[in-house]
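If you want the building blocks of each chain, they are given just below.
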Amino acid sequence: MTTTTAEIGGHAWEHAPIGGNYLNEGKGIKSWLFTLDHKRIGLMYLISGLTMFFIGGMLAMVIRTQLLVPNGLIFHGSYEAYKHYNQVFTLHGIIMVFMVLVPIPPGALGNFVLPLMIGAKDVAFPRLNLLSYYLYVTGAIMAVVSTLLGAVDTGWTFYTPFSIQTETYVVWMVLGIFLLGFSSILTGLNFIVTIHKLRAPGMKWFRMPVFVWASYATSIIQVAATPVLGVTLLLLVAERVMGVGIFNSALGGDPVLFQDFFWFYSHPAVYIMILPAMGIVGEIITVFSRKPIFGYKFIVMSSLAIALIGFVVWGHHLFVNGQSAEWDAIFSFMTFFVAVPSAVKVFNWLATMYKGAISLTTPMLYALSFIVLFTIGGFTGVILGALATNVVLHDTYFVVAHFHYVMMGGTIIAFIGGLHYWWPKMFGRMYNETLGRITCVMLFIGINLTFFPQFIVGAEGMPRRYATYLPQYQPYMIASTVGAYIQLAAFVLMAGYLIHSLVRGKKAAANPWGASTLDWSMASPPTTGNFQHMPVITQGPYHYEDMEYDGRLGGFVHVEPVPALAGVGSEH
Amino acid sequence: MSENAIATLTLASPEEVAGRHLAHHFDTPQQQFDSGKLGMWLFLGTEFLLFSGLFCAYAVYRMLHPQIFIYASRYLDPVSGALCTLVLVTSGFTMAWAIRCAQLGKRTGLIIALLLTIAGGFGFLVIHGYEYFEEYQQHLMWGTHYHPAVNAPRQQVVVAKSGAVGGSWSQLDQLGKQGYLVAHSNIAPAAIGPAGPALAQQPTASFTAASVTAAAAQPHNVQIFFGIYFLMTGLHSIHVIVGIILLTYLLVRAIRKDFGPGYYAPVDFIGLYWGVVDMIWMFLFPLLYLIH
């Protein structure tokens, strides 16, 4: 296979054989539907996930439009109308949590980037990877079917006893989510084995990029927590279909047990959502500060700490649900405790930027937005974790604002930042940088305008999940809705320039950002086998002194022979 | 056909066979095997976690309502449960034998061992299915389906048949005539419900109709036990059925001469799965059948 190396010193940044890359090697719809290539599967996850994100986002627009006036602009006047409102926010929650936030960061970016970062040709089990994608699609289709039959109106948490009594199609939805959970388990399992067994020669544990570590911690949670969600959902199905009575107090069961089971998964699940985001932000900040990441081992260990402590905080969802005072205190303490590793990360990112040569590119702007928004979301999480304030703020808009700052301002912002960061690698094209920055600023403003007023109305006592509200909250609600529309405009703009870049975008160099991790060491986009030569790694992931920008290529090149990435010849 | 051709056909070295099964993204067969094994163990870990929810529900309800579990567990037949255990343990042994045969390339042994393991799986399902059938007939079911015709657990029926109980138990006699109720157990009268400990100390002969009546006063919400029982054993039986399907797949491949010293990973991994299915039953049996 002929390769051309355009750089001085040679072997590190390779160009693909002319015209050949993973996107065009293998043509036709079948070559995509039955592909075992982790990059193509990642791309399919990306497209499916963005589709679900679009649907979930449109539902959010319906909710915000409804709340423009106190009596409700869309659904008002009858029990049926309010039930439709319940269905809308339930679907919004289910789609965003189970079909976007949990599966897409690992499924799309993790799948694409993780094997590249550790020097592997693919994930450990490519067929399982494809199965995992199809389970995701099947689960999503079942959710759509249940929506058409009779959309669920329980909220995304499916709390008993209402989820047993409601006449909507809970069973379909729950079985769909069971499949989504299975998909998530298989992805996590695949990543753990890949990281353990498929690292390139010399890729020691502490030479892995922080995104790989974050994915590893995420995978641990996926594997260890999701089965419990699975059995919980099966129990709920048994409850509805067979009337088994485990969660039904009329039959001697305990509805609160459902809440414990549910949050045993669903609290760790929020760390499934946020950990990959933290990994992405780590990568972006070190690259665009031109400085090795500060406190690498602390960042690594804090990911694992978040994963482990995250398993013992679920009770903070049950402070007002009849949990004993002793357990309340323990869970409250553990909730404060899990804030520590998150703070360790934030301080390390700030220290990485300190005296760095910061360039405010689009991905970097997203990373900075993440730090601000996640910090607001994190601190308000501590407020909610405190017992006394929790009792007051429980089930108010304060909670809604808090988790939207973390999920939207945290996970989604970091994911979009990562998408911009790896876009040149994925598609071999550059997007319009100016529009990228404008969009990021719009999103930052939109998110704050949407969710900050909700802190205020929540603190004043406005309950969540209601289709109507008292007139005194209307100014805040209008601001919130305007913010949501700004976000929508930003996403439309983003879709425009990203799609435009696929057709008209400038061709991307192998390493346009000057990153030192392995995922930038091959041509953009990569070939199907990822590496022309098996890389051998001799140093840590972040080192910027040995590369400089080459204007002719539009990317960075090595300025001296690099011991880190010496090829080991063509016999591999 | 020349001697040479036969020799090359049959004497492909284990290394060659292993190389043929090596996927493109692995460097060595060893790396591939280790990856598969780690993946399998992780998957089995998730299987334990799947059951852990049910074990947790069991623990919660048993802690809150011990009398329900003590009372209701008497309905289950320990002999049948023990038979299930024996069958599964034996099939675990034949599975281990099958793995060994695959590693040594003994095809006939592999096929026999797999057949025996599959038979064990079916045997388990038949015995357990019969138990389900009995329970169904007596309406010993979950939730609202729980309304047994007679408020008396199995061992009391045995007592009744042994003649120590007087007249008013015609219902019990009727059930006794159906055969299966009195067929399995010689266990002494059980410690039943709140009145249990006192009863347990009485010899069988002095067991009076009055004391049986007192014992038969069942605690509230017995259906919770049966809900948990059917969920746990049902989920386990589904795993046994999946196991049988996987074993049949192995059998087909074994007949096709796929396995040998160079390539036996599927036998090894599915063997691990079967071992875990066995092991989960080892927990279920005492937790459900042997409550004192």
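For the structure itself, look to the data block above.
Along each chain, numbering runs from 1 in the same order as the chain's sequence is written. Labels are handed out in written order, letters beginning with A for the chains and numbers beginning with 1 for the ligands. Per-residue local features are limited, in this predicted model, to residues with pLDDT of at least 70; the limit for side-chain atom pairs, both in listing and counting, is 80 or more; totals at the level of whole chains, interfaces and linings are taken over all residues. Hydrogen atoms and water are omitted, and side-chain values are computed over all heavy atoms in the structure.

Trainee: Help me understand the overall build of chain A in this model?
Mentor: Helix and strand counts for chain A come out as 16 helices and six strands. Burial classification: accessible surface area is computed with a 1.4 Å probe over protein chains only, and a residue below 20% of its type maximum counts as buried, one above 50% as exposed, and the rest as partly exposed. Among the 572 residues that make up chain A, the fraction classed as buried is 63%. Here, residues are in contact when the closest pair of their heavy atoms is within 4.5 Å. Here the contacts in chain A between residues at least 6 apart in sequence split such that 80% fall between residues at least 24 apart. Shrake-Rupley sampling with a 1.4 Å probe provides the accessible areas, and residues are treated as covered by the protein chains on show and by no other component. Summed over its atoms, the accessible surface of chain A is roughly 20,400 Å², and 71% of this surface lies on carbon and sulfur atoms. Per the convention used, a helix needs a DSSP run of H or I reaching at least four residues, while a strand needs a run of E reaching at least two, with both numbered from the N terminus.

Trainee: It is not clear to me how the interface of chain A and chain B should be interpreted in this structure. Could you clarify?
Mentor: Accessible area lost during the coming together of the parts is what is often quoted as the interface size. Across the contact, 35 residues belong to chain A and 33 residues belong to chain B. Both sides of the chain A and chain B interface together cover about 2,800 Å² of buried area, and 75% of this is carbon and sulfur. Broken down residue by residue, the surface that chain A buries against chain B is led by A:Lys197, A:Met242 and A:Leu251, which jointly contribute 18%. For this document, the term salt bridge refers to a Lys or Arg side-chain nitrogen within 4 Å of an Asp or Glu carboxyl oxygen. For the pair chain A and chain B, the interface holds one salt bridge. Between N or O atoms, a polar contact is any pair within 3.5 Å; within protein, one atom must be a potential hydrogen donor and the other a potential acceptor, and residues adjacent in sequence are included only when both atoms are from side chains. Put simply, chain A and chain B have nine residue pairs in polar contact (both at pLDDT 80 or more) between them. No other element matches the nine residues that helix α8 (residues 210–241) of chain A contributes to the side of chain A that touches chain B. Under the convention adopted here, Pro, Cys and the residues Ala, Val, Leu, Ile, Met, Phe, Trp and Tyr are nonpolar, Asp, Glu, Lys and Arg are charged, and Gly plus all remaining residues are polar. Counted by class, the side of chain A that touches chain B contains 25 nonpolar, six polar and four charged residues. When two parts are brought into contact, each loses some accessible area as probed by a 1.4 Å sphere; the total of that loss over both is the buried area.

Trainee: Help me out: how do you make sense of the packing of aromatic side chains in this one?
Mentor: Aromatic rings considered in pairs are described by the distance between their centres and by the relative angle of their planes. Residue and element names in this part refer to chain A. For this analysis, a ring pair means two rings from Phe, Tyr or Trp (six-membered ring only for Trp) whose centres lie within 6.5 Å, classed as stacked if their planes differ by under 30 degrees, edge-to-face if by over 60, and tilted for the remaining angles. Applying the stated criterion across every chain yields a total of 59 aromatic pairs over all chains. Where phenylalanine 53 meets phenylalanine 491, the ring centres are 5.2 Å apart and the plane angle is 75 degrees; that geometry is what we call edge-to-face. Here the residue phenylalanine 53 occupies a position in helix α2 (residues 38–66), and phenylalanine 491 occupies one in helix α16 (residues 474–504), the gap between them amounting to 438 residues. You can call phenylalanine 491 buried: its relative accessible area is 19%. Consider the rings of tyrosine 405 and phenylalanine 455, whose centres lie 5.3 Å apart with planes at 25 degrees: the pair is stacked. Of this pair, tyrosine 405 sits in helix α14 (residues 397–427) while phenylalanine 455 is found in helix α15 (residues 433–459), placing the two residues 50 residues apart along the sequence. Each member of the pair tyrosine 405 and phenylalanine 455 is classed as buried. One cation-aromatic arrangement involves arginine 40 over tryptophan 32; the distance from NZ or CZ to the ring centre is 4.1 Å. Only when the NZ atom of a Lys or the CZ atom of an Arg is both within 6 Å of the ring centre and within 35 degrees of the ring normal do we say a charge sits over the ring. Seen from the ring of tryptophan 205, arginine 199 lies directly overhead, with NZ or CZ sitting 4.4 Å from the centre.

Trainee: When you look at the environment of B:Pro286 in this model, what are you seeing that I'm missing?
Mentor: Residues and elements named next belong to chain B. Within the fold, proline 286 resides in helix α12 (residues 265–289). Judged by its relative accessible area of 34%, proline 286 is partly exposed. Residues proline 286 and glycine 81, 205 residues apart in the sequence, show an inter-C-alpha distance of 8.9 Å. Sequence-distant contacts of proline 286, that is, excluding residues within four places in its chain, are made with Trp281 and Ile291.

Trainee: Looking at this structure, I do not really get the pairing of strand β6 (residues 555–558) of chain A. What am I missing?
Mentor: All names here are of chain A. For strand β5 (residues 547–550) and β6, the ladder comprises four bridges, and the chain directions are antiparallel. Residue tyrosine 549 lies in a different strand from β6, and its bridge partner there is phenylalanine 556. A pair of strands is considered paired only if DSSP assigns at least 2 bridges between the two. Counting the residues between successive antiparallel strands, the hairpin from β5 to β6 contains four residues, one of them, glycine 554, with a positive phi of roughly 70 degrees.

Trainee: Got a minute to help me understand the pattern of salt bridges in this structure?
Mentor: Where charged atoms of side chains with opposite charge meet at close range, the side chains can pair. For the structure on display, the rule yields nine salt bridges over all chains. Across the pair B:Lys37 and B:Asp268 runs a salt bridge, and its minimum N-O distance is 3.3 Å. With B:Lys37 in helix α3 (residues 29–64) and B:Asp268 in helix α12, this pair connects stretches of sequence that are 231 residues apart. B:Lys37 sits in the partly exposed class, given a relative accessible area of 25%. Judged by its relative accessible area of 8%, B:Asp268 is buried. We note a salt bridge from B:Arg253 to B:Asp258, for which the minimum N-O separation is 2.8 Å. Here B:Arg253 matches B:Asp258 in class, with each residue buried. Put simply, A:Asp395, A:Arg464 and A:Arg465 are held in one network by salt bridges that share partners.

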